[in-house]
Amino acid sequence: MFVQPTGISLLLQNSAIIARIWDYLTRQFTFGRITVSISSLILGTLVLLLTILVGRWSSALLDRRLANRRHIDPGLRYTICRLAKYVIGTIGLLVALKQAFQVDLTSIAVIFTALSVGIGFGLQYIAADIASGFILLFERPIRIGDRITIGEDEGDVDSINLRTTVVTTNDRIAIIVPNSKLVSQRVVNWSYGDPRARIAIPIGVADDSDIELVTETLIEASHDVANVLADPKPRVQFLKFGDYSLDFRLLVWTNQPRRHVQIRSDINYRIARLFRARAIRIPYPTQEFLLKGIPRDLEPSLLTDNDLADNSPTAGASPSS
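An account of the accompanying structure is given in this report.

From N to C terminus, the protein includes 10 helices and 10 strands. Scored against the burial criterion, the 321 residues of the protein give a buried share of 28%.

Another aspect to go through is the pattern of salt bridges. Scanning all chains against the criterion turns up seven salt bridges. A salt bridge links Arg 163 to Asp 129, with the nearest nitrogen and oxygen atoms 3.5 Å apart. Taken together, the residues span a long stretch of sequence, with Arg 163 in the loop between β4 (153–160) and β5 (164–168) and Asp 129 in helix α5 (residues 124–139) at a distance of 34 residues. The exposure class assigned to Asp 129 is buried, which follows from its relative accessible area of 6%. The salt bridge involving Arg 258 is made with Asp 156; its shortest N-O contact spans 3.0 Å. Here Arg 258 is found in the loop between β10 (246–254) and α8 (260–277), whereas its partner Asp 156 is found in strand β4, with 102 residues between them in sequence. What makes Arg 258 partly exposed here is its relative accessible area of 31%. A cluster of three or more residues bridged by salt bridges with shared partners is formed by Arg 147, Glu 154, Asp 156 and Arg 258.

Right, let's get into the packing of aromatic side chains. Scanning the entire structure with this criterion turns up three aromatic pairs. On the basis of an interplanar angle of 15° and a centroid distance of 4.7 Å, the ring pair of Phe 238 and Phe 248 is categorised as stacked. One end of the pair, Phe 238, is in strand β9 (residues 235–241); the other, Phe 248, is in strand β10, with 10 residues separating them in the sequence. A relative accessible area of 33% means that Phe 238 is categorised as partly exposed. Over the ring of Trp 253 we find Arg 196, and its NZ or CZ is 5.8 Å from the ring centre.

Hydrogen bonds along the backbone pair up the strands of a sheet, which may run parallel or antiparallel. The strand order β6-β5-β4-β3-β7 describes an open sheet built from five strands, whose pairing is antiparallel. A strand with exactly one partner marks an edge of an open sheet, and here the two such strands are β6 (174–178) and β7 (188–189). In this sheet, β6 lies alongside β5 in antiparallel orientation, the contact comprising five bridges. Residue pairing for β6: Thr 168 is matched across the bridge by Ala 174.

This brings us to the nonpolar core. Core analysis: the largest hydrophobic core is formed by 19 residues, its most contacted members being Val 205, Leu 218, Phe 248, Leu 250, Ile 267, Ile 271 and Phe 275. Every element with two or more residues in this core is listed here: β8 (197–205), α7 (211–221), β10 and α8. By residue number, the principal contributor to this core is α8, which donates five residues. Setting aside its immediate chain neighbours within four residues, Ile 267 contacts Ile 201, Ala 221, Val 225, Val 228, Leu 250 and Val 252. Residues Tyr 86, Ile 150, Val 167 and Leu 182 belong to the second largest nonpolar core, which totals 12 residues.

The rules behind the values
- Residues numbered from 1 in each chain as written.
- Predicted model: local features only at pLDDT ≥ 70, side-chain atom pairs only at ≥ 80, totals over all residues.
- Heavy atoms only, no water.
- Helix = DSSP H or I, 4+ residues; strand = E, 2+ residues; numbered from the N terminus.
- Buried < 20%, exposed > 50% of the residue type's maximum accessible area, 1.4 Å probe, protein only.
- Salt bridge = Lys/Arg side-chain N within 4 Å of Asp/Glu carboxyl O.
- Phe/Tyr/Trp six-rings, centres within 6.5 Å; stacked < 30°, edge-to-face > 60°.
- Lys NZ or Arg CZ within 6 Å of the ring centre and 35° of its normal.
- Pairing = 2+ DSSP bridges.
- Core = buried A, V, L, I, M, F, W, Y, C linked by side-chain atoms within 4.5 Å.
- Contact = heavy atoms within 4.5 Å.

Now the structure itself:
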């Protein structure tokens, strides 16, 4: 005769299965001073994921709160949010390691010491970029929204990350710059400190030009140009007597230094138009060659039509009456 199992027996069987699974998940494995189990790894992973979510949420919340405070500029707001995210991430990472591997802070210090040796030999450039990222966040020589020039590249700083900085050019091209390059190399920051900047526009004119007329024309070319300040006033400097030109420099001030390329273009357009109207010439280098020892029978072939006309016997004769 077949007997149906009762509900209590099914419950006992399920409890035995659950106990067996739990025993498998909590079974600990020891590797030196590190003790790990499947359940601890799952818990550590959950703590790490929760840390990432909390870091992003808190950073976004802090950014919204600080955006209402007008006295805090966007660069400082970005720095505060980034540092808060890094602090939460570091604390969460330590807690996740402790939950996953059952290690204390001393063991974690030993692990990071061992990692630092590997970083020193194989990942020194990455370590330099990360350290430079913290320098940029704390010292703030470059901030979000600044206009910078790195070598031949120029653009606006969009973000300063842990290892790299993103710069967007006028062509909407994103340039990924390692942070160490911004710290160790020469960088022109058009937005740092005083919002005003002086723009120099060099120009050369023919050596027989009227100096006073050139000076007045350059000053007039800088008037009523967009983003050019009336105070300080534009100035003209006579730099030097060049090999084939008189070299001047027009100096103007602007409170929009990030638009210096367009300002130069606008002024150059006006200079070209005014120079053409006032017959002021921009010289170009010319070279003359003196040929010696040429056979006399080849000399006529080297002359142009104008030279032959000038050397003809009838070139200077006056018409007979």
